[in-house]
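# Observations on chain architecture
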Amino acid sequence: MGFYTNLPPHLQEVDIIVAGGGSAGCIVAARVSDADPNLSVLLVEGGANNDDNPTITHPAFLMANLAPDSKHSLYWKANRSNDLAGRELIVPSGGLLGGGSSVNLMVYTRPQRSDFDSWKTPGWSADDMLQCMNKWETYHGADDGHIHGSDGPMHVSGDGFRSSRLEDDFIDAARKSGWPEVPDLQTMDAIDGVQRAMRYVDPAGRRQDTAHQYIHPLIADGRHPNLHVLLESRVVRVLFEDKRAVGVEFQPVSQPSGDNDNPPSTRFVRAKRMVVLSCGALGTPGILERSGVGDAGILTSAGVPTIIHSPGVGRNYQDHHMMIYSYKSTLFPEETLDAVCSGRLSVEHLVQQNSGILSWNGVDASCKLRPKDEEVGSLGHSLQRLWLEEFQCHPDRPLMLASLCGCYPGDHTDLPEGQYFSIAVFSAYPSSRGSIHITGSSLDDPPDFDVGFFSDPEGSDIQMHIWMYKTQREMARRMRCFDGELAWTHPQFPSGSQAAPSTASSTTPSAPGSPPELDYSDADDQAIEDWLRKNVGTTWHSLGTCKMATPDQGGVVDANLNVHGVQALKVADLSIPPSNIAANANSAAMAIGEKAALILINELELGN
């Protein structure tokens, strides 16, 4: 029992191996080990332990974990894309125990009912997945509809520090723009409004991640000697005997990379009953392909013998396309996170003082928005067609999601000292698709990664963001604390454009909260499109690359998460959703973990 960075001799074989200790993998390992004390479970995680790390547990330090030099994240470099003005996008994922749940923004949102129902898979309906979401949740907000969980390991609250003036200002501005306040946008049915944000933060102000809430308690309680966690060990491939998974090959992170003449040494651990892959939408496809499960042509090019031709592996890559727009404000220093993000307030001092702001993730409101009926006719032609096909018949589906952020969430080096707020927006259901595949048999071979952002031939993904740019900007301009746009986070409009960023300042007489609505020309729309292609980024919500469907539909796993064509191998992470969800992805990842654990417990007849 316990944590290891070197596998001890007595653990050369276990009953179940869970490869990947992220949002879903921690849940699978904890639930299965708790179901039967006689079942040995090994969780293999490539990153380090997150136990009681103050930069993880205190929400206010989240921006440091999202920075390009963070040691807590993995960074996946995509191919150069003409659709993104020649850029090579970098897509991060969680790189330590707890995965994304240890480094995300802690924004609590749930998918919509039609999201799960659209998967059209028995056992994975919205009602089924609601039960799984409620298994991990203890909800501390009002729950008049009895739609939330009350006794799960992960606490969800709105407690702790909030920037009340900023929050009220945003909600009032949204109302002026036609978006009312909704008490609970996370019922799976609620839509078209703004909610005071709930967070993966407990009432004491600590981040809730699946390592601290599922794994650490079981390791510490002395009653789970069957649970083992191997850290800083990257899974290379699954071992097969007669198409049955019998273990994994892994490489310690401390092991030098080596070269072609001296490849790095790897180690092996066997599984008597099951291997579960949970390395995420970016990690799991590569493990399958290095194991010989994937498109035979891709495997041959990479020098990997084919065990099962499964052309769906690595395809159907999806993310939410995100933009962040920032604004100057008249807020006071204690009303934003800018002093923390810029280093004006030291980490050590805040921790020593147990400052209340440590419990704040900076996000106090979130939205799920659809165009009004009268706006649909003004959308781009391709977006109008998409609206008729995929949105009009699903009234619970938002076109875009937005969150209020109480700071400038970027590099503060050249930023004038002050207080800022930002509005982060992302498209719920982009039409674009990408892919990720191996280029060789080694962990060090770079992936062939195409994010596919804005690659939809009809251009509807761009048109969604053009609509949302105008929508969020009107909300910002109606906020009493608005003091002008932070120009370099907005499009560069043509000279003389009426839509150019304002030069408002706190010394300029104005009528806060009631500006005239901006009028955008065709040239302005082109400027927005150019800006989007040069600046759109990831929301860290990668999914879909090992989708749950039949093989003839490009599926990789079945409804019980079994990998098609082999035995004793399952996938349990965000690679399995066939289509996207209108939510920050962590809620779905944890629900998948709970669902996978139920499937395993039932199949293996544990605890009986």
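Structural notes, computed from the coordinates. (Residues numbered from 1 in each chain as written. Predicted model: local features only at pLDDT ≥ 70, side-chain atom pairs only at ≥ 80, totals over all residues. Heavy atoms only, no water.)

## Here's the deal with the overall build of the chain
Looking only at helices and strands, the chain has 17 helices and 23 strands in total. Scaling as 2.2 N^0.38, a compact globule of 608 residues should have a C-alpha radius of gyration of about 25 Å, and the chain matches this with 24 Å. Residues counted as buried form 60% of the 608 residues belonging to the chain. Taking the contacts inside the chain whose residues are at least 6 apart along the sequence as the reference set, 74% of them involve residues at least 24 apart. Just so you have it, the chain exposes about 23100 Å², and 49% of that area is on carbon and sulfur atoms. (Helix = DSSP H or I, 4+ residues; strand = E, 2+ residues; numbered from the N terminus. Rg over C-alpha atoms; globule rule 2.2 N^0.38 Å. Buried < 20%, exposed > 50% of the residue type's maximum accessible area, 1.4 Å probe, protein only. Contact = heavy atoms within 4.5 Å. Areas by Shrake-Rupley, 256 points an atom, 1.4 Å probe, with all protein chains shown as cover.)

## Digging into the pairing of strand 4 (residues 73-81)
Pairing between strand 4 and strand 5 (residues 87-94): 7 bridges, direction antiparallel. The residue of strand 5 that forms the bridge with S73 is G94. Where strand 4 folds back onto strand 5 in an antiparallel hairpin, the turn is made up of 5 residues, including A85, whose phi is positive at roughly 60 degrees. (Pairing = 2+ DSSP bridges.)

## Some details on the packing of aromatic side chains
Aromatic rings in a pair are described by how distant their centres are and how their planes are angled relative to each other. Scanning the entire structure with this criterion turns up 19 aromatic pairs. With 5.3 Å between their ring centres and 20 degrees between their planes, Y327 and F421 make a pair best called stacked. Highlighted residues: Y327 in strand 15 (residues 321-329) and F421 in strand 18 (residues 420-427), separated in sequence by 94 residues. Looking at Y327, the relative accessible area reads 0%, which means it is buried. Look at Y327 and F482: their rings are 5.9 Å apart centre to centre, the planes differ by 55 degrees, and that puts the pair in the tilted class. Here Y327, found in strand 15, pairs with F482, found in strand 21 (residues 482-485); they are 155 residues apart in sequence, far enough to count as distant. F482 gets classed as buried once you look at its relative accessible area, which sits at 16%. Members of the aromatic cluster, each reached through a chain of ring pairs, are Y108, W136, Y139 and Y200. Of note, R397 hangs over the ring of Y429, and the distance from its end group to the ring centre comes to 4.4 Å. Its guanidinium or amino end placed over the ring of W124, K595 lies 5.7 Å from that ring's centre, counting from NZ or CZ. (Phe/Tyr/Trp six-rings, centres within 6.5 Å; stacked < 30°, edge-to-face > 60°. Lys NZ or Arg CZ within 6 Å of the ring centre and 35° of its normal.)

## Let's talk about the layout of surface pockets
Size it by volume and the second largest pocket reaches roughly 660 Å³. Lining the second largest pocket are 24 residues; nearest its centre among them are E375, W467, K470, T471 and E517. Among the elements of the structure, helix 15 (460-477) and helix 16 (522-535) are those that each provide at least two residues to the lining of the second largest pocket. For the lining of the second largest pocket, the residue count by class is 8 nonpolar, 6 polar and 10 charged. (1 Å grid on protein atoms, 1.4 Å probe; cavity = no way out; pocket = protein on both sides within 12 Å on 5 of 7 lines; lining within 4 Å. Points joined across faces, edges and corners; volume = space filled by probe spheres on them. Nonpolar A, V, L, I, M, F, W, Y, C, P; charged D, E, K, R; others polar.)

## Section: empty space enclosed by the protein
Applying the stated criterion across every chain, the model contains 2 cavities of 30 Å³ or more. Taken together, Y317, Q318, D319, H321, P430, S432, R433, V451, F453 and N580 form the lining of the largest cavity. Considering only residue class, the lining of the largest cavity consists of 4 nonpolar, 4 polar and 2 charged. Considered as a void within the structure, the second largest cavity measures approximately 30 Å³ in volume. Surrounding the second largest cavity, T109, S366, C367, L401, A402, S403, F426 and N584 form its lining. Looking at the lining of the second largest cavity, the elements with two or more residues in it are strand 16 (363-369) and strand 17 (400-405). Counting residues per element, the lining of the second largest cavity draws most heavily on strand 17, which supplies 3 residues. Residue composition of the lining of the second largest cavity, by class: 4 nonpolar, 4 polar and no charged.

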